[in-house]
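# Reading the structure
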Amino acid sequence: MGQRIVVGVSGSPRGLATLYRATVEARERGAGLCAVLAWQLPGGGLGGRATYGTTVLGECRAAAVEQLRATLALAFADARPGVPVSGLTVRGEPGAVLVEAARSADDLLVVGTGTRRGWFPGLRPSVARYCLTHATCPVLAIPPDPLDAELAALLSAA
């Protein structure tokens, strides 16, 4: 099995930037690209079939698959990626899902590092930090673009 570039996707503009960077890495290394979207049930997803029922579980799973499909379609609408692309949706915490998906030492895990804003930034675990401390393969952490912060500041002032 050859090298894979495993990238976490969310559908956000930051996530698209991370996906593009992972695609560049895959091209440069002659590797396949595996886009992974972690999903959870409403409210954090601690329940199961008994709590939510099979209908809600199926709807959430289908929504995650559609979100991944739409993200890949948007990312590669103008040009083909030039590498084999696969997608994977997994129910679970994003960090743990990504680390499990990139379990081969030959893989490269690409994650975005978000900004820690809001009232309680410590309550939301950092996916990038989890991946950096738990992955058994190399991890490439993509920092936020400084222009994103400037744009956010302009939009909030308007």
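Structure first, text after, so check above.
Below is a short write-up of the structure. In this text the structure is predicted, and so the values were computed from the model without any measurement. Positions within a chain are numbered from 1, following the residues in the order the chain's sequence is written. Restriction of local features to residues with pLDDT of at least 70 applies here, the model being predicted, together with a cutoff of 80 or more for giving and counting side-chain atom pairs; totals for whole chains, interfaces and linings are based on all residues. Water and hydrogen atoms play no part in the side-chain values, which are based on all heavy atoms of the structure.

Before going further, it helps to examine the environment of Thr113. Within the fold, Thr113 resides in the loop between strand 4 (108–112) and helix 4 (127–134). As for Thr113 and Thr18, which are separated by 95 residues in sequence, their C-alpha atoms are 9.2 Å apart. Whether two residues are in contact is decided by their heavy atoms: any pair within 4.5 Å suffices. Not counting residues within four places of it along the chain, the set of residues in contact with Thr113 comprises Arg14, Ala128, Ala141, Ile142, Pro143 and Pro144. The helix and strand labels rest on DSSP assignments: H or I over at least four residues marks a helix, E over at least two residues marks a strand, and numbering proceeds from the N terminus.

Another point: the environment of Gly87. Within the secondary structure, Gly87 sits in strand 3 (residues 85–91). Measuring from C-alpha to C-alpha, the distance between Gly87 and Val36 comes to 5.9 Å, with 51 residues separating the pair along the chain. Those residues in contact with Gly87 that lie beyond four places of it in its chain are Ala35 and Leu68.

Right, let's get into the pattern of salt bridges. By convention in these notes, a salt bridge is any Lys or Arg side-chain nitrogen within 4 Å of a carboxyl oxygen on Asp or Glu. By the definition in use, this model includes five salt bridges. For Arg4, the salt bridge identified is with Asp107, shortest N-O distance 2.9 Å. One end of the pair, Arg4, is in strand 1 (residues 4–8); the other, Asp107, is in the loop between helix 3 (94–101) and strand 4, and 103 residues separate them in sequence. Across this residue pair, the class does not change: Arg4 and Asp107 are buried. When the shortest N-O distance is used, the salt bridge between Arg103 and Glu100 registers 3.6 Å. Accessible area is worked out with a 1.4 Å probe on protein chains only. A residue is then buried under 20% of its type maximum, exposed over 50%, and partly exposed in between.

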